[in-house]
Amino acid sequence: MSTVTSPVSSPVSSPVSVALFGGGRGGAGIARALLRTPGTSLSLLVNGYDNGLSTGALRRWLPGMLGPSDFRKNLLLHLDPGDPRHTLLERRLPPGTTPADLDALIGDVAATGPAEAARELRVVADRLAARPGGLDLADCALGNLVFAGAYLRLGEDFNAAVRACARTFGSPVRLLNVTGGENAFLVALKQDGRVLADEADIVAPQDGVAITGLFLLREPLSAADRAALAGRPAERVRELLARRSAVVTPNPEALRALAEADLIVYGPGTPHSSLLPSYLTPGLAEALSGSGAGSGAAARVFVVNVGGDHDVQGLTATDLVDRTLAYLGDPGNERATITHVLSGRGAGAPAVPARVLDRGSWAGARWISADLEDPARPGAHRGPRTAEALLAVLGEAPLARAG
């Protein structure tokens with residue numbers, strides 16, 4: 001089985017611990033490059049609020065389980081596309097797939113490995129047999145079903161399932177859910193009072209009215225809930241959503257990873273689904289603070305996306321920095337929650353005000369502009385170049401800034 005092994009150069013000579021907040025694929029190129037950098041260890045902090053089509057169906061089938069999709073995608077970082085483990089994780093079941101078809105597929109997985117993956121799929125198959133008709137397998141990622149099996153086998157402990165799957169697929173990443181694993185459903189509020197009722201709506205095409213609030217709810221909004229909220233003033237909707245807040249706790253392993261990190265990286269990723277919801281986790285703001293008993297990281301770097309997202313229409317790069325600081329309880333950056341901002345020059349990237357580039361700072365953080373877009377994948381970061389820039393920040397090496 002092949003893995004990605006070719007290294008990139010590092011501007012720092014001693015071992016470096018990096019904690020990166022990410023989502024499914026936004027920071028994948030950067031994470032891969034960091035993994036290829038000698039002496040660098042990587043902790044990846046992800047939230048589980050995804051509830052797209054097949055993931056949403058899986059969460060409805062297993063009430064209490066968070067969405068596994070972004071965790072599944074981050075198990076691929078060290079695997080070449082031709083690796084059988086990569087194929088297993090990404091394989092989608094076709095329409096009309098039956099439990100009997102899944103049984104046959106489990107036999108193939110058992111023969112080719114990993115054996116633990118076949119074991120987890122067997123748990124899912126047994127649950128389907130005991131409760132027929134509860135889950136449409138069409139378009140399910142096989143890797144998500146592996147997560148679901150681990151979740152069931154380990155007493156419905158989502159974070160234990162993440163650890164088990166990381167072992168099964170040989171991940172070199174310290175892959176961590178930001179929370180203690182409590183179930184919650186992500187909802188967004190627009191400036192005009194309209195509600196984006198789930199994570200799938202937040203990342204979908206939408207009009208340019210700004211998102212002004214994010215909420216983690218105990219239960220998903222029903223059609224009746226949506227109807228009751230429609231047409232109400234934004235502040236009233238905010239109050240009603242706040243009453244439904246889920247109680248979540250920080251994952252102690254995530255707090256430990258932040259405490260041990262030399263470099264903390266915020267993003268890139270879809271802001272209102274992958275990044276900002278993670279910062280709603282209690283205790284995270286204190287752990288990230290550059291003062292008091294907070295993080296001892298030498299640098300805490302905000303990476304601006306090099307492409308646009310549907311959820312940030314009309315927002316500039318500085319707006320996104322400000323939102324991150326606000327969600328982390330440090331709106332003036334007085335606690336040095338962000339020490340540096342790293343922005344690219346892609347045509348689709350959020351705009352950077354000229355005065356910020358001229359001054360080279362924003363909200364007390366040093367602003368660095370560099371050519372970071374991957375020419376082969378417009379809208380995505382060039383992993384090695386961005387990783388080198390991040391490590392240069394840590395090592396205080398010079399990096400060109402646009403004027």
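Refer to the structure above for everything that follows.
Colleague: Please clarify how the overall build of the protein chain should be interpreted in this entry.
Modeller: Secondary structure summary: the protein chain contains 17 helices and 11 strands in total. Computed over its C-alpha atoms, the radius of gyration of the protein chain comes to 21 Å, within 12% of the 22 Å expected for a compact globule of 403 residues. With the C-alpha coordinates aligned to their principal axes, the bounding extent of the protein chain is approximately 65 × 55 × 40 Å. Burial statistics for the protein chain: of 403 residues in total, 56% are counted as buried. Residue pairs in contact within the protein chain that sit at least 24 positions apart in sequence constitute 75% of those at least 6 positions apart. Between the averaged position of the 39 positive side-chain charges in the protein chain and that of its 41 negative side-chain charges there is a distance of 1 Å.

Colleague: I tried to follow the packing of aromatic side chains on my own but got confused; where do I start?
Modeller: In this description, an aromatic ring pair is defined by two values, namely the gap between the centres and the angle between the planes. What the rule picks out here adds up to 4 aromatic pairs. Plain terms: the ring middles of F21 and Y266 are 5.9 Å apart, the flat faces sit at 5° to each other, and that makes the pair stacked. With F21 in strand β1 (residues 16-21) and Y266 in strand β7 (residues 263-266), this pair connects stretches of sequence that are 245 residues apart. A relative accessible area of 1% means that F21 is categorised as buried. Ring centres 5.3 Å apart and planes at 75° place the aromatic pair F71 and F158 in the edge-to-face group. Of the two residues, F71 sits in helix α3 (residues 69-74) while F158 sits in helix α8 (residues 158-168), which places them 87 residues apart along the sequence. F158 carries the same exposure label as F71, and that label is buried. By way of ring pairs, the aromatic residues F21, Y266 and Y279 are connected into one cluster.

Colleague: Looking at this structure, I do not really get empty space enclosed by the protein. What am I missing?
Modeller: If a probe the size of a water molecule is rolled over the atoms, the empty space left behind becomes visible. Summed over all chains, the structure comprises 4 cavities of 30 Å³ or more. Here the largest cavity defines a volume of roughly 100 Å³. Looking at the largest cavity, it is lined by 13 residues, and the ones nearest its centre are G269, P271, L275, F302 and L320.

Colleague: Sorry if this is basic, but what is going on with the pairing of strand β6 (residues 211-217) here?
Modeller: Side-chain positions along a regular strand alternate between the two faces of the sheet. For β6, the buried fraction is high: 6 of the 7 residues fall into the buried class. Strand direction decides the pairing type here: strand β4 (residues 185-190) and β6, joined by 6 bridges, are antiparallel. When the sheet's bridge partners are listed, K190 is paired in β6 with I211.

Colleague: Before we go on, may I ask you to explain the pattern of salt bridges in this structure?
Modeller: In a structure, side chains of opposite charge can pair up when their charged atoms sit close to one another. Per the stated rule, a full pass over the model turns up 19 salt bridges. A salt bridge links D126 to R122; the shortest N-O distance between them is 3.7 Å. One end of the pair, D126, and the other, R122, are both in helix α6 (residues 115-130), 4 residues apart, so they sit about a helical turn from each other. Residue classification places D126 among the partly exposed positions, given a relative accessible area of 44%. Members of the salt-bridge network, linked through shared partners, are K190, D192, R194 and D207.

Definitions and limits used
Residues numbered from 1 in each chain as written. Predicted model: local features only at pLDDT ≥ 70, side-chain atom pairs only at ≥ 80, totals over all residues. Heavy atoms only, no water. Helix = DSSP H or I, 4+ residues; strand = E, 2+ residues; numbered from the N terminus. Rg over C-alpha atoms; globule rule 2.2 N^0.38 Å. Buried < 20%, exposed > 50% of the residue type's maximum accessible area, 1.4 Å probe, protein only. Contact = heavy atoms within 4.5 Å. Lys, Arg positive; Asp, Glu negative; His and termini not counted. Charge placed at Lys NZ, Arg CZ, Asp CG, Glu CD. Phe/Tyr/Trp six-rings, centres within 6.5 Å; stacked < 30°, edge-to-face > 60°. 1 Å grid on protein atoms, 1.4 Å probe; cavity = no way out; pocket = protein on both sides within 12 Å on 5 of 7 lines; lining within 4 Å. Points joined across faces, edges and corners; volume = space filled by probe spheres on them. Pairing = 2+ DSSP bridges. Salt bridge = Lys/Arg side-chain N within 4 Å of Asp/Glu carboxyl O.

Shape descriptors only; they carry no functional weight alone.
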